[in-house]
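# Chains, contacts and geometry: an overview
Chain by chain, the residues run as shown.
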Amino acid sequence: MDDSGFMGLALDLAREAGAAGEVPVGALIVLDGEVVGRGFNQPIGRHDPTAHAEIMALRDAATRLGNYRLPGCTLYVTLEPCAMCAGAIMHARIDRVVYGARDPKTGAAGSIIDLFAETRLNHHTSVVGGVLAEECGSLLSSFFAARRGRTLVA
């Protein structure tokens, strides 16, 4: 499966988050072509400000693999990671991050800041942005429009 295929799976997870009343962001972690971790936004339901999709996927993968370090893994997420998630991704030693939509308010992979490009940090994760960006962005826009009582016209 290629990046678009894995991002499609992350979009399915984002839809689960939206159906649960959470901001629709989904993430998964892949090692050697196999999904080893899944997560979607759950801070509201879990009463946990750290329960972002990326964190949930990192926890799932670490448990499944029996290691808090996840070298060789790629994390796919429908929205550009925030600073908290970027830090966790680097601490987990994720090799590669692939994200869908940019986040102009809290994005830490280039939109606001780029923690992944910080040369003073001891781990460097490569980043690819914009994979299925339109689909990822539309899901978020529709969710927030519905919360405001408006529908978007395509």
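Here's a quick rundown of the structure. Just so we're clear, the structure is a prediction, and the values are computed from it rather than from any experiment.

## Thoughts on the overall build of the protein chain
Tallying secondary structure elements over the protein chain gives 5 helices and 5 strands in all. Traced from its N-terminal end to its C-terminal end, the protein chain shows the element sequence α-β-β-α-α-β-α-β-β-α. Along the three orthogonal principal directions, the C-alpha set of the protein chain runs to about 45 × 35 × 30 Å. With 154 residues in all, the protein chain has 43% of them scored as buried. The contacts in the protein chain between residues at least 6 apart in sequence include a share of 56% that link residues at least 24 apart. Entry remark: accessible area of the protein chain is about 7,800 Å², with carbon and sulfur atoms responsible for 54%. Positive and negative side-chain charges of the protein chain, numbering 14 and 17 respectively, have mean locations separated by a distance of 6 Å.

## Concerning the side chain of Thr 78
The topology assignment puts Thr 78 in strand β3 (residues 73-79). Under the relative-accessibility criterion, Thr 78 is labelled buried at 1%.

## Some words on the environment of Ser 142
Secondary-structure assignment places Ser 142 in helix α5 (residues 133-147). Taking relative accessible area as the criterion, Ser 142 reaches 39% and is therefore assigned partly exposed. Considered as a pair, Ser 142 and Arg 102 are 40 residues apart in the sequence and their alpha carbons are 16 Å apart.

## Overview of the sheet that holds β3
If you walk across this open sheet you meet the 5 strands as β2-β1-β3-β4-β5, and the pairing is mixed. Pairing within the sheet leaves two strands with one partner each, and these edge strands are β2 (34-40) and β5 (126-128). For this sheet the average axis-to-axis angle between neighbouring strands, irrespective of direction, equals 20°. Bridge analysis of strand β4 (residues 96-101) against β5 gives 3 bridges, and the strand direction is parallel. Of the residues in β5, the one forming a bridge with Val 97 is Val 127. Where helix α1 (residues 3-19) meets the sheet, it contacts β1 (26-31), β2, β3 and β4, and its direction lies at approximately 140° from that of β1. The strands that helix α3 (residues 53-65) touches are β1, β2 and β3; relative to β2, the one it contacts most, it runs at about 140°.

## Quick word on the pairing of β3
Among the 7 residues in β3, 7 count as buried, and that is most of the element. Where β1 lies against β3, 5 bridges are found, and the strand directions are antiparallel. Its bridge partner being in β3, Leu 31 is matched across the sheet by Cys 73. Where β3 meets β4, 5 bridges bridge the pair, whose relative direction is parallel.

## A short note on unusual backbone geometry
Positive phi, normally seen in glycine, also occurs at His 47, with a value near 55°. With respect to the helices, strands and loops of the structure, His 47 is situated in the loop between α2 (43-46) and α3. We classify His 47 as exposed; its relative accessible area is 73%. Even without being glycine, Leu 132 reaches a positive phi, approximately 55°. Note on placement: Leu 132 falls in the loop between β5 and α5. Taking relative accessible area as the criterion, Leu 132 reaches 22% and is therefore assigned partly exposed.

About the thresholds
- Residues numbered from 1 in each chain as written.
- Predicted model: local features only at pLDDT ≥ 70, side-chain atom pairs only at ≥ 80, totals over all residues.
- Heavy atoms only, no water.
- Helix = DSSP H or I, 4+ residues; strand = E, 2+ residues; numbered from the N terminus.
- Buried < 20%, exposed > 50% of the residue type's maximum accessible area, 1.4 Å probe, protein only.
- Contact = heavy atoms within 4.5 Å.
- Areas by Shrake-Rupley, 256 points an atom, 1.4 Å probe, with all protein chains shown as cover.
- Lys, Arg positive; Asp, Glu negative; His and termini not counted.
- Charge placed at Lys NZ, Arg CZ, Asp CG, Glu CD.
- Pairing = 2+ DSSP bridges.
- Axes fitted to C-alpha atoms, helices over the stretch in contact; angles between N-to-C directions.

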